[in-house]
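# Inside the fold
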Amino acid sequence: MNKDLYQILGVTKESSENEIKSAYRRLARKYHPDLNKDNKEAAEKFKEISCAYDILGDKEKRKKYDNKEIDSDGKPTGFGAGGFGGNPFGGGYQSYSSNPFGNGQGAGFDFSSIFGEDIFSQFSNQGANPFSGGFSGASRRPRKGKDINYTMRIDFLSAARGDEKTVNINGKNINVKIPAGTADGQTLRLKGLGEGGFNGGSAGDVLITINVNSHPYFSLADKTVLLDLPITLKEAILGAKVTVPTISGKVAVNIPPYATTGDKLRLKGKGIKGGDQIITLKVATPKTKDTELEKALLRMPDEDVRTF
């Protein structure tokens, strides 16, 4: 074949195992010979993607392929390249004209897990077997329905405080409870809300990946909410009471006299699930000329505040 296997499946070298499997499933459904009667191009495409997945879907083979120890046909490169007799699968390609996997088991795939039971149930109901035997028993076994993957984007406060959102998946409205402290990239599993099972099997799940928008002034460190608080030079030197935001509303805090940039204030219980909020002070110097302030500063004694 001597082609880029990643390109055949429409993925990249950095793609995860799940992404490769998902891409193969999608393409296999599209080009499956029994769903494309008398379509030679679809049959050839199905053989091509199946051979690609045979290597990329196997950790060891994928590693060897990435390291150029085997080529896109699965043959060893360099010395001893003829060790397989020109056929990495043992059964040869000649059987692809009728069945790309020989007797249904030659390539080592569990097709009921790749395609889902929906494809096999079509043929078992018709008394037919698309893989020339070896799968008729599998089509009658109870099989869990397919999981449904969904991505949801939410705002920072919904993730921090917890929330409930309604999403429409496959025409069905689903209420999603977002736990307090949900992190960006976290996946929520809703059991039994995926596609229906087959032959009495349980329904699949809905897997929702949460993408959290950044906040203009809050950030998180586990259960701790972080906030940078700008204060004036006057507030820093004389101290002050200022109002600050938290994820549950605004509160008043006391700035101690002679505060400096980097000083921290702790608001207990104002973080995630009983965590704290940490306020880091940032002293902002005046942006306009102030003659009186300059005179006052000149009257101050010099201090050595540097340690280097």
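Let us look at the structure shown here. Because the structure is a prediction, the values reported are computed rather than measured.

## A look at the nonpolar core
- Within the largest apolar cluster, 20 residues are counted, with the highest numbers of intra-cluster contacts made by L5, L9, I20, I49, L56 and Y65.
- Every element with two or more residues in this core is listed here: α1 (5-9), α2 (17-31) and α3 (40-56).
- Top element by residues in this core is α3. It accounts for seven residues.
- Sequence-distant contacts of L5, defined by excluding residues within four places in its chain, comprise A52, I55, L56, Y65 and S72.
- Membership of the second largest hydrophobic core comes to 19 residues, among which are V244, V253, L267 and L281.

## Brief notes about the pairing of strand β8 (residues 240-246)
- Relative to strand β9 (residues 249-255), β8 runs antiparallel, the two being bridged by seven bridges. Residue T246 lies in a different strand from β9, and its bridge partner there is G249.
- Once β8 ends, the chain turns through two residues before running back antiparallel as β9.

## Digging into the sheet that holds strand β1 (residues 148-154)
- Ordered by their spatial adjacency, three strands build an open sheet running β1-β5-β4, and the pairing between neighbours is mixed. Two strands lie at the open edges of the sheet, namely β1 and β4 (187-190), each paired on one side alone. In this sheet, adjacent strand axes meet at a mean angle of 25° when their direction is disregarded.
- Relative to strand β5 (residues 206-212), β1 runs parallel, the two being bridged by seven bridges. Bridged to T151 within β5 is T209.

## Some thoughts on the pattern of salt bridges
- Counted according to the given criterion, the structure contains 12 salt bridges.
- Residue D205 is joined to K144 by a salt bridge in which the shortest nitrogen-to-oxygen separation is 3.2 Å. Taken together, the positions of D205 in the loop between β4 and β5 and K144 in the loop between α7 (136-140) and β1 put the pair 61 residues apart, joining distant regions of the chain.
- Note on D205: relative accessible area 6%, which makes it buried.
- A salt bridge links K165 to D163; the nearest nitrogen and oxygen atoms lie 3.6 Å apart.
- Judged by relative accessible area, D163 falls into the partly exposed class, the value being 32%.
- Connected through shared salt-bridge partners, K144, D147, R189 and D205 make up one network.

## A look at the packing of aromatic side chains
- Inspection of the entire model under this criterion finds four aromatic pairs.
- Where Y24 meets Y53, the ring centres are 4.2 Å apart and the plane angle is 0°; that geometry is what we call stacked. Residue Y24 is found in helix α2, and its partner Y53 is found in helix α3; the two are separated by 29 residues along the sequence. Of the two residues examined, Y24 and Y53, each falls in the buried class.
- Here F156 and F218 contribute two aromatic rings whose centre-to-centre distance is 6.2 Å and whose plane-to-plane angle is 20°, an arrangement assigned as stacked. Note that F156 is positioned in helix α8 (residues 156-161) and F218 in strand β6 (residues 218-221), a separation of 62 residues in sequence.
- Put simply, the rings of F156, Y217 and F218 touch in pairs and so form one group of aromatic residues.

## Let's talk about the packing of α2 against α3
- Interhelical geometry of α2 versus α3 gives an angle of 160° and a closest axis separation of 9 Å. Considering the angle they form, α2 stands roughly antiparallel to α3. Like other packed secondary-structure pairs, α2 and α3 cross with a definite hand, here left-handed. Between α2 and α3, the residues in contact are I20, K21, Y24, L27, A28 and Y31 and A42, K45, F46, I49, S50, Y53 and L56, respectively.
- Taken together, the residues of the contact of α2 with α3 break down into 10 nonpolar, one polar and two charged.

## Here's the deal with α3
- Between its first and last C-alpha, α3 extends 24 Å over 17 residues, near the 24 Å set by a 1.5 Å rise per residue.
- Taken across its 17 residues, α3 has 12 buried, putting it largely inside the fold.
- Turning to α3, its buried residues number three or more, namely A42, F46, K47, E48, I49, S50, C51, A52, Y53, D54, I55 and L56.
- The opening residue of α3, the one whose side-chain oxygen lies 3.2 Å from the backbone nitrogen of E41, is N39.

Thresholds applied
The residue count restarts for each chain, going from 1 along the sequence in the order it is written. Only residues with pLDDT of at least 70 get local features here, since the model is predicted, and only at 80 or more are side-chain atom pairs given and counted; chain-wide, interface and lining totals rely on the full set of residues. To get the side-chain values, take all heavy atoms of the structure and skip hydrogens and water. Grouping buried Ala, Val, Leu, Ile, Met, Phe, Trp, Tyr and Cys residues that are joined through side-chain atoms within 4.5 Å yields what is termed a nonpolar core. Type-normalised accessible area, obtained with a 1.4 Å probe on protein chains alone, sets the label of each residue: buried when under 20%, exposed when over 50%, and partly exposed for intermediate values. Counting from the N terminus, the helices are DSSP H or I runs at least four residues long and the strands are E runs at least two residues long. Contacts are assigned to residue pairs with any non-hydrogen atoms lying within 4.5 Å of each other. The rule for pairing is simple: two strands pair if DSSP sees at least two bridges between them. Axis lines are fitted through C-alpha atoms, for helices just across the contact stretch, and the angle between N-to-C directions can take any value from 0 to 180 degrees. For this document, the term salt bridge refers to a Lys or Arg side-chain nitrogen within 4 Å of an Asp or Glu carboxyl oxygen. Here a pair means two rings of Phe, Tyr or Trp (six-membered ring of Trp) with centres within 6.5 Å. Their orientation is stacked below 30 degrees between planes, edge-to-face above 60, and tilted elsewhere. Roughly parallel refers to an angle under 35 degrees, roughly antiparallel to one over 145, roughly perpendicular to one between 65 and 115, and oblique to any angle outside these ranges. Take the far helix as your reference; a near helix turned counterclockwise from it by less than a right angle gives a left-handed crossing, and one turned clockwise gives a right-handed crossing. Here the term charged refers only to Asp, Glu, Lys and Arg, the term nonpolar to Ala, Val, Leu, Ile, Met, Phe, Trp, Tyr, Cys and Pro, and the term polar to all other amino acids, Gly among them. One less than the residue count of a helix, multiplied by 1.5 Å, gives the span that helix is expected to have. In the analysis that follows, any N or O atom pair within 3.5 Å is treated as a polar contact, provided that within protein one partner can donate a hydrogen and the other can accept it, and provided that, for residues neighboring in sequence, both atoms belong to side chains.

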